Amino acid sequence: MSEPPAPPHPHRRRTVRPQPGERTPPNRSDRPGEPRSRLPAGRSPRRRPPRSARSVLTATVIAGIAGAMALAGCGAPAQAGAGANRLRLAFDSDPQCIDGQQMGNNTALTVARQLTDSLTDQDPESGAIVPWLAASWRVSADSKTFDFTLRDGVRFSDGTRFTAESVKENLEGIAGLSAKAQLGSTYLAGLSKVTAHGEHRVTVAFSAPNAQFLQATSTMTLGMYSHATLQRSPEQRCAGRIEGTGPFTVGRYTPGDGVSLERRAGYDWPSSRALHVGPAHVDGVDIGIVPESSVRTGSLSAGDIDVDTAVQQQDEEALEASDFTIAARANPGLVYSLMPNEKNAILADADVRRAIGAAVDRPELAAVLSHHQAPATSLLAKSTPGYRDHSAQLAHDPARAAALLERAGWRADPATGMRSRNGTPLRLSVRYWQTAPFIELVAQQLREVGIDLQLKKSTLAETTAARAAGDYDLEFSNLTRADPDIVRTLFDARGRNINQRAPGRVEELLNASAAQPDQRRRGAQVDGAVTELLTAGHAIPLVELSGVMSVRPGVRDLDFDASSRLQLYDTSLAAAGAQAPTSMRAPAAPQAADSRAAAAHEGSRP
């Protein structure tokens, strides 16, 4: 196995002020580098209006939501009493299931991230893989064998010990979930054997090279659960019967209403990225499910919640003017896209798929986006390692769209402009559950070239069921991961196969990338697959997703991980009555894949 020199530790020098009764993390004071920024990288604070104008804006927000505030008790976290040390969040949609080994949506993974830990973590700035439950690791030259040395003293929340056997049981269990493990089943494709060598060393072997696996071990999808948890049914785990190694435990989960998490006493093994050691700072986390943006905004203004995790574009300016902090980081991975089901007779025609792509005016979408979001310039977001710009392939060209449709036999009605062929209208549907107002503008743009796109707003459960049954024309989705292999997760025709198409050149390139340990070559191979997908209209990128949140003053160290999801272990609240600014950990996206090459082969605990 290759053993290159250990990379410099990814921590940067920063002053850590211990909380009362807390000990200072070891070896934190001599790390080279500059202090970690507390504001989203690349952003300067917006110039705020004078206080009088800000007061008017605040009053406008509160007046506008006065009627909706009566509904705030439905799903919103209960207001904490005096002196309470609980962080209160509002989600815009229900997780449906809080088992991170099964689910792939951001709300579910955000909850699950607080309950358990992963073998490794990923530094959001450099992209380096750094220690967590694994103190060090080695990767074979052919990327088929991964050997991990584990930390000692880790326990699950049910009191049982975390050992090499735990890793074996979890990885084999995820593979055994098959399609129920929406992401993990692809991360572990080709798993041949997991071997525990005593209590603190485990070897994971694959039948074929699997270069993406080390980064996968940093995701919540491959988080660790206790033996008792793994014996329960998938449905029981979805309902919250989970014991992990993490800093919080499940207090309750009521679908459609919310989740309460409780701080775990004795937690003492955070990621090497953490700012402190010991239990979490807050006593608990209360998450309410509040679909209405006006109710979330009103709850934040009234002090009933600390964080609105889904701020809408129309609310941003007023919230910033009212002294709330807007926190955002672009989600790495696959951007919001339309993905055709090519078993559909209309979408089996590449000319129709290409016409849809040419009809979309992406720059025009910016008018309805947050200024933290952006029109897509590729299938991968710019914050994804290995991103390449494909703006030229995504140019708006309605004349080309019309010509492609004419060639495919779809004729425009002179009176309406809508197209049909042999009496069949050119009508397609897209089912979606996300809060994504720009999809309405996309439908208008398609109508301009004669395509009737029917929008079907549904629940997450309904959308998931339709996808599983193959009952969709166009899939509307994104998928978050700080690794370019996310393309293979969704598009591999031998795997999830979102297009329902036969294998071809795309699979050749994706399989080659999975076997390629050199990060630059791997990125080029994935980019080749992206080019093929865009050229053939297998994917129609629309918008780069950014999670945009509004945070009240006094919330400190709200942390975005490499996948732009929240890690709440370091988060704390200012004491009641204290004047404390909000502080964020929202670092820049990884800059270059090759800077992570050494870190991807060996890590060591400081």
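These figures come from a predicted structure and were not determined experimentally.

### Quick notes on the environment of Arg488
So, step 1. Within the secondary structure layout, Arg488 lies in helix H16 (residues 486-491).
So, step 2. With relative accessibility at 12%, the residue Arg488 sits in the buried group.
So, step 3. Taking the C-alpha atoms as reference points, Arg488 and Tyr187, 301 residues apart in sequence, are found 9.6 Å from one another.
So, step 4. A polar side-chain atom of Arg488 sits 2.8 Å from a polar atom in the side chain of Asp485.

### Topic: the confidence of the model for the protein
So, step 1. Taken over all residues, the pLDDT of the protein has a mean of 84, while the share at 70 or more is 81%.
So, step 2. Every residue in residues 1-74 is under pLDDT 50, and counting partners more than four places away or in other chains gives 124 contacts.
So, step 3. In the predicted structure, residues 589-606 sits below a pLDDT of 50 and forms 62 contacts with residues beyond four places in sequence or in another chain.

### Considering the pattern of salt bridges
So, step 1. Considering all chains together, one arrives at 29 salt bridges under this definition.
So, step 2. Among the ionic pairs, Asp308 bridges to Arg296, the shortest N-O distance being 2.9 Å. With Asp308 in strand S11 (residues 307-308) and Arg296 in helix H9 (residues 293-301), the pair connects residues that are twelve residues apart, well separated along the chain. When sorted by exposure, Asp308 lands in the same class as Arg296, which is buried.
So, step 3. Several salt bridges share partner residues, and in doing so they unite Arg86, Glu262 and Asp286 into one network.

### Topic: the environment of Gln500
So, step 1. Examined against the element boundaries, Gln500 turns out to sit in the loop between H16 and helix H17 (505-514).
So, step 2. As a C-alpha pair, Gln500 and Gly470 span 30 residues in sequence and 8.4 Å in three-dimensional space.
So, step 3. With residues up to four places along the chain from it excluded, the contact list for Gln500 reads Asn341, Glu342, Lys343 and Tyr472.
So, step 4. Side-chain polar atoms of Gln500 contact the backbone oxygen of Asn497, separated by 2.9 Å.

### So, the sheet that holds strand S6 (residues 191-196)
So, step 1. Spatial strand order, S4-S5-S7-S6: four strands in an open sheet with antiparallel pairing. Two strands in the sheet have a free side with no partner beyond their single neighbour: strand S4 (134-139) and S6. Geometrically, the sheet is characterised by an average inter-axis angle of 15° between neighbouring strands, direction not taken into account.
So, step 2. By the bridge criterion, five bridges tie S4 to strand S5 (residues 145-150) in an arrangement that is antiparallel. From the neighbouring strand, Ala134 faces S5, where its bridge partner is Leu150.
So, step 3. Taken strand by strand, helix H4 (residues 164-177) contacts S5, S6 and strand S7 (201-206), and its axis lies near 160° from that of S6.

### Considerations on helix H18 (residues 519-535)
So, step 1. With 17 residues, H18 should cover 24 Å at 1.5 Å per step; its first-to-last C-alpha distance of 24 Å lies within 8% of that length.
So, step 2. Inspection of H18 places Gln519, Arg522, Gly523, Val526, Asp527, Gly528, Ala529, Val530, Leu533 and Leu534 among the buried residues, and these make up the whole buried set.
So, step 3. Tucked inside the fold, the buried residues of H18 contact H16, H17 and strand S21 (540-544).
So, step 4. The N-cap residue of H18 is Asp518: its side-chain oxygen and the backbone nitrogen of Arg520 are 3.2 Å apart.
So, step 5. Of the residues flanking the end of H18, it is Gly537, one or two places downstream, whose phi is positive at about 70°.

### Comments concerning the sheet that holds strand S15 (residues 411-412)
Where strands meet in a sheet, backbone hydrogen bonds hold them as pairs that are either parallel or antiparallel.
So, step 1. In space, the three strands of this open sheet follow the order S15-S16-S17, with antiparallel pairing throughout. Looking along the sheet, the strands with just one partner apiece sit at the ends: S15 and strand S17 (424-425).
So, step 2. Pairing of strand S16 (residues 419-421) with S17 involves two bridges; the strand directions are antiparallel. Following the sheet pairing, Ser420 is matched in S17 by Pro425.

Calculation notes
- Counting from 1, residues in each chain are numbered in the order their sequence is written.
- Reporting in this predicted model follows two pLDDT cut-offs: at least 70 for local features of residues, and 80 or more for side-chain atom pairs to be given and counted; totals over whole chains, interfaces and linings ignore these cut-offs and use all residues.
- As a rule here, side-chain values come from all non-hydrogen atoms in the structure, and water together with hydrogens is ignored.
- For helices the rule is a DSSP run of H or I covering at least 4 residues; for strands it is a run of E covering at least 2, with both sets numbered from the N terminus onward.
- Think of it in three bands: with a 1.4 Å probe and only protein chains considered, a residue is buried below 20% of the maximum accessible area for its type, exposed above 50%, and partly exposed in between.
- Definition of a polar contact: a pair of N or O atoms within 3.5 Å, with one able to donate and the other able to accept a hydrogen when the atoms are protein atoms, and with sequence-neighbouring residues admitted only if both atoms are side-chain atoms.
- Note: pLDDT gives the predictor's confidence per residue, expressed from 0 to 100.
- By definition, residues are in contact when any of their heavy atoms lie within 4.5 Å.
- The term salt bridge refers to a side-chain nitrogen of Lys or Arg lying within 4 Å of a carboxyl oxygen of Asp or Glu.
- Following DSSP output, two strands are said to pair if at least two bridges run between them.
- Helix axes are fitted to C-alpha atoms over the stretch in contact, other axes to C-alpha atoms as well, and angles between N-to-C directions run from 0 to 180 degrees.
- Here a helix's expected span is defined as the number of its residues, less one, multiplied by 1.5 Å.

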